[in-house]
Amino acid sequence: MIDHLPYVLAAWLLLVGLYGVATSRHFVHLVVSLSIAQASTYVLLLEVGYVQGGSAPIFKDVPSATRVVDPVVQALVLTDLVISVAVSGLLLAFIVQSHKRTNTTDPTAPQPLAG
C-alpha cells in the first residue's frame, strides 16, 4: 500500500506558499512564502526516493539483495536546500537595498522614478 500523506503534504505546502506569494503585502513575507513553496519539493523528492524497509546506501559488506534508499534523491534534496538558501539570501539583500531607496517593503507601494 502506498502512503499518500507525503504527497498531500507536498501539495499543501505548495498551495500555502503560492497563496502567500499571491497575497503578500510585504517583501519579507514574499520570500518566506517562496521558501515554503520550495519546501514542498523537499518532501516530494524524499518521498520519491524512500524505500520501505530500506537501509542507508552503504554497500560495503552488504549482500546485493539488500534494499536501500536512493542516494541520488538525497543529493538532489541537499542541492535544493543550498540553492534555496542562496536565493533567499539574495532576495533578502535586494529587499534591504529596496528599503534603503524607497523606505518601504510593500511591493504595491508606488516606486519613485530612477534619476
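The text that follows walks through the structure, step by step, so that each part is easy to find. (Residues numbered from 1 in each chain as written. Predicted model: local features only at pLDDT ≥ 70, side-chain atom pairs only at ≥ 80, totals over all residues. Heavy atoms only, no water.)

So, the pattern of salt bridges
Now for step 1: Following the criterion strictly, the structure yields one salt bridge and no others.
Now for step 2: The residue Arg25 makes a salt bridge to Asp106 at a minimum N-O spacing of 3.3 Å. Of the two residues, Arg25 is situated in the loop between α1 (5-23) and α2 (27-49) and Asp106 in the segment after α3 (71-102); the sequence distance between them amounts to 81 residues.
Now for step 3: Judged by relative accessible area, which is 55%, Arg25 ranks as exposed. (Salt bridge = Lys/Arg side-chain N within 4 Å of Asp/Glu carboxyl O. Helix = DSSP H or I, 4+ residues; strand = E, 2+ residues; numbered from the N terminus. Buried < 20%, exposed > 50% of the residue type's maximum accessible area, 1.4 Å probe, protein only.)

Brief notes about unusual backbone geometry
A negative phi holds for most residues other than glycine; trans holds for most peptide bonds.
Now for step 1: A positive phi angle, close to 60 degrees, is found at Asn103, a residue other than glycine.
Now for step 2: Position of Asn103 among the secondary structure elements: in the segment after α3.
Now for step 3: With a relative accessible area of 61%, Asn103 lands in the exposed category.

Some details on the packing of α1 against α2
Now for step 1: Two elements in contact, α1 and α2, have axes whose closest approach is 8 Å; the angle formed by their N-to-C orientations is 165 degrees. Comparing their axes, α2 and α1 come out roughly antiparallel. Handedness of the crossing formed by α1 with α2: left-handed. Across the interface between the two elements, Pro6, Tyr7, Leu9, Ala10, Leu13, Leu14, Val16, Gly17, Gly20 and Val21 of α1 pack against His29, Leu30, Ser33, Leu34, Ile36, Ala37, Ala39, Ser40, Val43, Leu44 and Glu47 of α2.
Now for step 2: The residue inventory of the contact of α1 with α2, partitioned by class, reads 15 nonpolar, five polar and one charged. (Axes fitted to C-alpha atoms, helices over the stretch in contact; angles between N-to-C directions. Parallel < 35°, antiparallel > 145°, perpendicular 65-115°, else oblique. Left-handed = near helix turned anticlockwise from the far one by under 90°. Contact = heavy atoms within 4.5 Å. Nonpolar A, V, L, I, M, F, W, Y, C, P; charged D, E, K, R; others polar.)

Description of the packing of α2 against α3
Now for step 1: Where α2 contacts α3, the two axes come as close as 10 Å, and the packing angle between them is 175 degrees. What the angle tells us is that α2 and α3 run roughly antiparallel. Touching Phe27, Val28, Val31, Leu34, Ser35, Gln38, Thr41, Tyr42, Leu45, Leu46 and Gly49 of α2 are Val73, Leu76, Val77, Asp80, Leu81, Ser84, Ser88, Leu91, Leu92, Ile95 and Ser98, all from α3.
Now for step 2: Across the contact of α2 with α3, the residue classes tally to 14 nonpolar, seven polar and one charged.

Geometric values such as these leave the question of function open.
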